[in-house]
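Okay, here's what each chain looks like letter by letter:
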Amino acid sequence: MAETSSGRKCEHFDLKEYQFKTNMIPRLSVDDPETNRRISEGLPVIIIDSKLVASALHWDLEYLNENVGDGKFTVYKSSNTKFKYFDERKADDVKDFRKPMESLEIKFSEFVDLIKTVDPKKERVYLQQSLNDTVGKRIVLDFLQFNWNWVTEQQRRNKFGTLTSNLLLIGMEGNITPAHYDEQENFFAQVKGYKRFLLFAPDQFPCLYPYPTFHPCDRQSQVDFDDPDYERFPKFRDVKCLEAVVEPGDVLYIPMYWWHQVESVPNKGYSVSVTFWYKAAPNDKIEYPLKATQKVAMMRNIEKMIHQALNSADEVPEFMQNMVLGRYT
Ligand SMILES: CC1(C)c2ccccc2-c2ccc(C[C@@H](CC(=O)O)C(=O)C(=O)O)cc21
Ligand SMILES: [Zn+2]
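- Under an unreviewed UniProt entry, the name given to the chain is JmjC domain-containing protein, and the organism recorded is Pinctada imbricata.

See the structure below:
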């Protein structure tokens, strides 16, 4: 195992090459002032020694199966590596929309059987479940021993809103969550396995061509990273990307509105992660020029307003084009 300059054992991951170049996301100590500076500026950073989920590093399938209780868990099934999020409630607005994946509500033991028996070339599974009070008491104890002091101090000093959820994620190696952005601040804690993140700043919005806000895949990029359609999405060529591989114990800060694509690194086994999602900081005074995040929020609101006012999805494209053609383009 080679050593890198930072003394980190340089694992040889088999990572896909993409057409765009990437820079590395810094891996910093929780005590490094640069860490808090980046978080306060809404810049991604990997915190390597936060101990945020140190009490969960033993969470493997066996332990979880033993202790997680017999509640039902949401498990997504996909016939390929991609687990593309979609909002079913918006599906009737878009004709011939095909669900990119199915979801099951099953017991953890059934999930363990699935993850061990499915043929990854034919079918893949991804458990995504918010940690709630149905879990067994040993999981509750582990959860209570998360480093709440650190993460709550971050919430306070960065004026994040309330903690909305802790999602437990268990995915097969090779599973990919395609590029999307979320409207919440996220401390992403890696418990087991390795995940490769591709991150894109909110100002890369023009290069990532999100679906319309009223589309079930709202917030997701329309670009297929494995086979980009440069005719439809020419600016994707110029996209600027930050990347990193998180290992057990790492915490990646994913600032709100930052695009991310996530892959459980192939050949490194299944991955277990826990997310800490916080509502956005309440908007204090508006400062000019507006930040990229504020412009994305504005575009979303205007798009939703136009869709609502026209009361039709089909009329939105023409309306938008009439607004700008020959005048702003
Ligand atoms: C793909 C999946 C299982 C899913 C299906 C249907 C609805 C929601 C979601 C959802 C939400 C979050 C994640 C975790 C992470 C991506 C990753 O780690 O793979 C991520 O994007 C984040 O932490 O913000 C993963 C999923
Ligand atoms: Zn996300």
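### Quick look at the coordination of the zinc ion (ligand 2)
So, point 1. Within the protein, the atoms that donate to the zinc ion (ligand 2) are His 180 (NE2), Asp 182 (OD) and His 260 (NE2), at distances of 2.1 Å.
So, point 2. Each donor residue of the zinc ion (ligand 2) belongs to the same chain, with the gaps between them written as H-x1-D-x77-H. Pair noted here: His 180 is in strand β10 (residues 176-180) and His 260 is in strand β15 (residues 259-264), with a separation of 80 residues, a long-range link. By the burial criterion, His 180 is buried, and His 260 matches it.

### Brief notes about the site of ligand 1
So, point 1. For ligand 1, the set of nearby residues contains 17 residues, the closest of which are Tyr 85, Tyr 126, Thr 177, Asp 182 and Lys 195.
So, point 2. A distance of 3.0 Å separates an oxygen atom of ligand 1 from a polar side-chain atom of Asn 186.
So, point 3. Elements represented by at least two residues in the shell around ligand 1 include exactly β8 (124-130), β10, β11 (185-192), β15 and β16 (271-278).
So, point 4. Class assignment for the residues of the shell around ligand 1 results in nine nonpolar, six polar and two charged.

### A short note on the packing of aromatic side chains
So, point 1. In this structure the tally under the stated criterion is 30 aromatic pairs.
So, point 2. A centroid spacing of 5.2 Å and a plane angle of 65° characterise the contact between Trp 150 and Phe 187, whose relative ring orientation is edge-to-face. One end of the pair, Trp 150, is in helix α5 (residues 148-157); the other, Phe 187, is in strand β11, with 37 residues separating them in the sequence.
So, point 3. The exposure class of Trp 150 is buried, given its relative accessible area of 11%.
So, point 4. The class of Phe 187 is buried, set by a relative accessible area of 0%.
So, point 5. Judged by centre distance (4.8 Å) and plane angle (75°), the rings of Phe 188 and Phe 197 are edge-to-face. Exposure class is identical for Phe 188 and Phe 197. Each is buried.

### Examining the domain arrangement of the chain
So, point 1. By the assigned domains, the chain splits into domain 1 (22-278) and domain 2 (292-324).
So, point 2. Each of domain 1 and domain 2 has a C-alpha centre, and these two points are 28 Å apart.
So, point 3. Every contact between the two is made by 14 residues of domain 1 and, on the other side, twelve residues of domain 2.
So, point 4. Between domain 1 and domain 2, roughly 1100 Å² of surface is buried when both sides are summed, and carbon and sulfur atoms account for 64% of that area.
So, point 5. It is Thr 213, Phe 214 and Tyr 257 that lose the most area in domain 1 upon contact with domain 2, and together they represent 46% of the buried surface on that side.
So, point 6. Remark: the boundary between domain 1 and domain 2 carries two salt bridges.

### Comments concerning the sheet that holds strand β14 (residues 251-254)
So, point 1. Strand order in the open sheet made by the nine strands is β4-β5-β14-β11-β16-β9-β8-β6-β7, with mixed pairing throughout. Two strands lie at the open edges of the sheet, namely β4 (27-28) and β7 (102-107), each paired on one side alone.
So, point 2. Inspection of the sheet shows strand β6 (residues 72-78) paired to β7 by six bridges, in the antiparallel sense. Bridging from a neighbouring strand, Lys 77 pairs with Glu 102 of β7.
So, point 3. The sheet contacts of helix α3 (residues 108-117) involve β6, β7, β8 and β9 (163-171), and relative to β7 the element is tilted by about 120°.

### A look at helix α7 (residues 292-310)
So, point 1. Between its first and last C-alpha, α7 extends 27 Å over 19 residues, near the 27 Å set by a 1.5 Å rise per residue.
So, point 2. Buried within α7 are the following residues: Thr 293, Gln 294, Val 296, Arg 300, Glu 303, Ile 306 and His 307.
So, point 3. Those residues of α7 hidden inside the fold are in contact with α6 (205-208) and α8 (316-324).
So, point 4. Where α7 terminates, the next one or two residues include Asn 311, which has phi positive at roughly 55°.

### Remarks on the UniProt feature "domain: JmjC" (unreviewed entry) in the chain
So, point 1. The sites that UniProt annotates as "domain: JmjC" (unreviewed entry) are residues 123-295.
So, point 2. Annotated as residues 123-295, this span is 15% helix and 34% strand, and its ends, taken at the C-alpha atoms, are 39 Å apart.

### Description of helix α1 (residues 33-40)
So, point 1. The complete set of buried residues in α1 reads Thr 35, Arg 38 and Ile 39. Relative to the axis of α1, the buried residues are bounded by an arc of 100° and lie together on one face.
So, point 2. Where α1 begins, the capping side chain belongs to Asp 32, and its oxygen is found 2.8 Å from the backbone nitrogen of Glu 34.
So, point 3. Looking one or two residues past α1, Gly 42 carries a phi angle of roughly 70°, positive in sign.

Parameters at a glance
Residues numbered from 1 in each chain as written. Chains lettered and ligands numbered in written order. Predicted model: local features only at pLDDT ≥ 70, side-chain atom pairs only at ≥ 80, totals over all residues. Heavy atoms only, no water. Donors = N, O, S within 2.8 Å, 3.2 Å for Na, K, Ca; no water. Helix = DSSP H or I, 4+ residues; strand = E, 2+ residues; numbered from the N terminus. Buried < 20%, exposed > 50% of the residue type's maximum accessible area, 1.4 Å probe, protein only. Near = heavy atom within 4 Å. Polar contact = N/O pair within 3.5 Å; in protein donor to acceptor, adjacent residues only side chain to side chain. Nonpolar A, V, L, I, M, F, W, Y, C, P; charged D, E, K, R; others polar. Phe/Tyr/Trp six-rings, centres within 6.5 Å; stacked < 30°, edge-to-face > 60°. Domains from an automatic or database assignment. Contact = heavy atoms within 4.5 Å. Buried area = accessible area lost by both parts, 1.4 Å probe. Salt bridge = Lys/Arg side-chain N within 4 Å of Asp/Glu carboxyl O. Pairing = 2+ DSSP bridges. Axes fitted to C-alpha atoms, helices over the stretch in contact; angles between N-to-C directions. Expected span 1.5 Å × (residues − 1). UniProt positions renumbered as here; feature names shortened; annotations may be inferred. Arc of directions from axis to C-beta.

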